[in-house]
Amino acid sequence: MARNLWIGKPGLLREIDQAAKSWDRSAELNVTEFKSLEGRVTTVAPPRTVRRLKFSWDWLEPGDAQHLTRLARRIEGPGLLGSPKPSYGPLAVVDPASVNLLGPYQAAAQSAEPGGTDHWFTVAGSLGVLPYTGDTVIGDFGETTRVGWKHGTWTGWPVAPGMRVSWRVPPDWNPALATAQLDWKRADESHLGTTAVTGAGVVTGTAPAEAAFVTPVGGPGEAVLAGLAGACLTIDADPVAYALGDGCPAMSVTAYTDVPAARLPYRNISIDLVEV
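What you see is a predicted model; the values in this text were computed from it and never measured.

What counts, and where the lines are drawn
Residues numbered from 1 in each chain as written. Predicted model: local features only at pLDDT ≥ 70, side-chain atom pairs only at ≥ 80, totals over all residues. Heavy atoms only, no water. Salt bridge = Lys/Arg side-chain N within 4 Å of Asp/Glu carboxyl O. Helix = DSSP H or I, 4+ residues; strand = E, 2+ residues; numbered from the N terminus. Pairing = 2+ DSSP bridges. Axes fitted to C-alpha atoms, helices over the stretch in contact; angles between N-to-C directions. Patch = residues over 30% accessible without salt bridge, like charges linked within 9 Å, V, L, I, M, F, W, Y side chains within 5 Å. Areas by Shrake-Rupley, 256 points an atom, 1.4 Å probe, with all protein chains shown as cover. Lys, Arg positive; Asp, Glu negative; His and termini not counted. Charge placed at Lys NZ, Arg CZ, Asp CG, Glu CD. Buried < 20%, exposed > 50% of the residue type's maximum accessible area, 1.4 Å probe, protein only. Core = buried A, V, L, I, M, F, W, Y, C linked by side-chain atoms within 4.5 Å. Contact = heavy atoms within 4.5 Å.

Draft legend 1. Local environment of the pattern of salt bridges. Evaluation of the coordinates by the stated rule reveals 9 salt bridges. Arginine 25 serves as the salt-bridge partner of aspartate 246, at 3.4 Å between the closest nitrogen and oxygen. Of this pair, aspartate 246 sits in the loop between strand 20 (232–235) and strand 21 (250–260) while arginine 25 sits in the loop between strand 3 (22–24) and strand 4 (27–28), placing them 221 residues apart in sequence. Ionic pairing is found between glutamate 210 and arginine 186, a salt bridge with its closest N-O pair at 3.2 Å. Here glutamate 210 is found in the loop between strand 17 (202–206) and strand 18 (213–219), whereas its partner arginine 186 is found in the loop between strand 15 (179–185) and strand 16 (191–198), with 24 residues between them in sequence. Residues joined by salt bridges that share partners form a network here, namely Arg25, Arg51, Asp95 and Asp246.

Below you can see the structure in the form of structure tokens.
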């Protein structure tokens, strides 16, 4: 996975190559306990957990500090990374500890919507998404079916030009027939290009100039009932089948500190984010 943090609005990601002094990526479980008079304990928990990230740096470079300050204070408008376009909406964060950028339930093929419309969409041919064992779903594929993986917020997963992206289709598919494909898109969501491989099950491509998003696409290459679990999307690493989906959720800044370092212009910065 990417060894440095990337953070910013889609199309305006910036790499923070200085290691954070502290880093917490724990999910918020929101479990509530109740104890009866007899001493029995029951718990209530929501069906989904929320990602939280907390970073802090000492002696952060001025350019990186200003970038984080803009994001935290919601100072929109031109000037970010030299782009003339304003940027609005939630932040994209590529967490360097993430093994799989697919969402956790998406990677596990656990869908909350009929037909799996929360995680997948049909690019070509026909696809039926059917319930299966273990709360997972399977796909009823046609020979020419191509299915795309859907990000929960954006038209694809945020990337920056030059990133090395790898994509592994579900291991239940026959790799000798399967097609693995990466569709690159600009910040305005227009199609930029495609990198595809047939007969391997894994594809690796470098994000071209102007790339702001990538959408993973695949097809088993035969009419078959096949699983949708176990796919993996990575940056600068080999994708691992059935890796836990850490996701790349849209996030918002909830807390921020900016303390001038002993030697200016360096800054001591901390920033907290939550999945939105």
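From this point, the discussion proceeds with the structure in view.
Draft legend 2. Fine view of the sheet that holds strand 17. Across the sheet, 3 strands lie side by side as 17-14-20; this open sheet has antiparallel pairing. Every interior strand has two partners, whereas the edge strands, strand 17 and strand 20, have only one. The mean angle between the axes of side-by-side strands here comes to 15 degrees, regardless of whether they run parallel or antiparallel. Direction of pairing for strand 14 (residues 164–168) relative to strand 17: antiparallel, over a ladder of 5 bridges. Its bridge partner being in strand 17, arginine 168 is matched across the sheet by valine 202.

Draft legend 3. Representation of a negative patch on the surface in the model. Taken together, the side chains of Glu15, Asp17, Glu61 and Asp236 make up a negatively charged region of the molecular surface. Relative accessible area serves as the criterion here: at 55%, aspartate 17 is assigned to the exposed category.

Draft legend 4. Region of interest: the sheet that holds strand 11 (residues 137–141). Strand order in the open sheet formed by 3 strands is 10-11-19, and the pairing between neighbours is antiparallel. Of all strands in the sheet, those bounded by a partner on one side alone are strand 10 (127–131) and strand 19 (224–227). Taking each pair of neighbouring strands and ignoring which way they run, the sheet shows an average axis angle of 30 degrees. Bridging between strand 10 and strand 11 involves 5 bridges; their strand directions are antiparallel. Of the residues in strand 11, the one forming a bridge with leucine 127 is phenylalanine 141.

Draft legend 5. Just the nonpolar core, in detail. Ranked by size, the top nonpolar core spans 41 residues in total, and within it Trp149, Met163, Val165, Trp167, Trp173 and Leu228 carry the most contacts. Breaking this core down by element, the ones donating at least two residues are strand 8 (91–94), strand 11, strand 12 (146–149), strand 14, strand 15, strand 18 and strand 20. Here this core takes 3 residues from strand 15, the largest share from any one element. By size, the runner-up hydrophobic cluster in this structure holds 18 residues, among which are Phe55, Trp57, Leu91 and Val93.

Draft legend 6. A look at the environment of alanine 255. Tracing the chain through its elements places alanine 255 in strand 21. Setting aside its immediate chain neighbours within four residues, alanine 255 contacts Ser270, Ile271 and Asp272.

Draft legend 7. Quick peek at the pairing of strand 18. Across the 7 residues that make up strand 18, a large majority, 7, are buried. Here strand 18 shows no split at all, with Phe213, Thr215, Val217 and Gly219 on one side and Val214, Pro216 and Gly218 on the other all buried. Note that strand 12 and strand 18 share 2 bridges and pair antiparallel. Within strand 18, the residue paired with valine 147 across the bridge is glycine 218. As defined by bridge partners, strand 15 adjoins strand 18 across 7 bridges and the pair is classed as antiparallel. Residue pairing for strand 18: glutamine 181 is matched across the bridge by valine 217.

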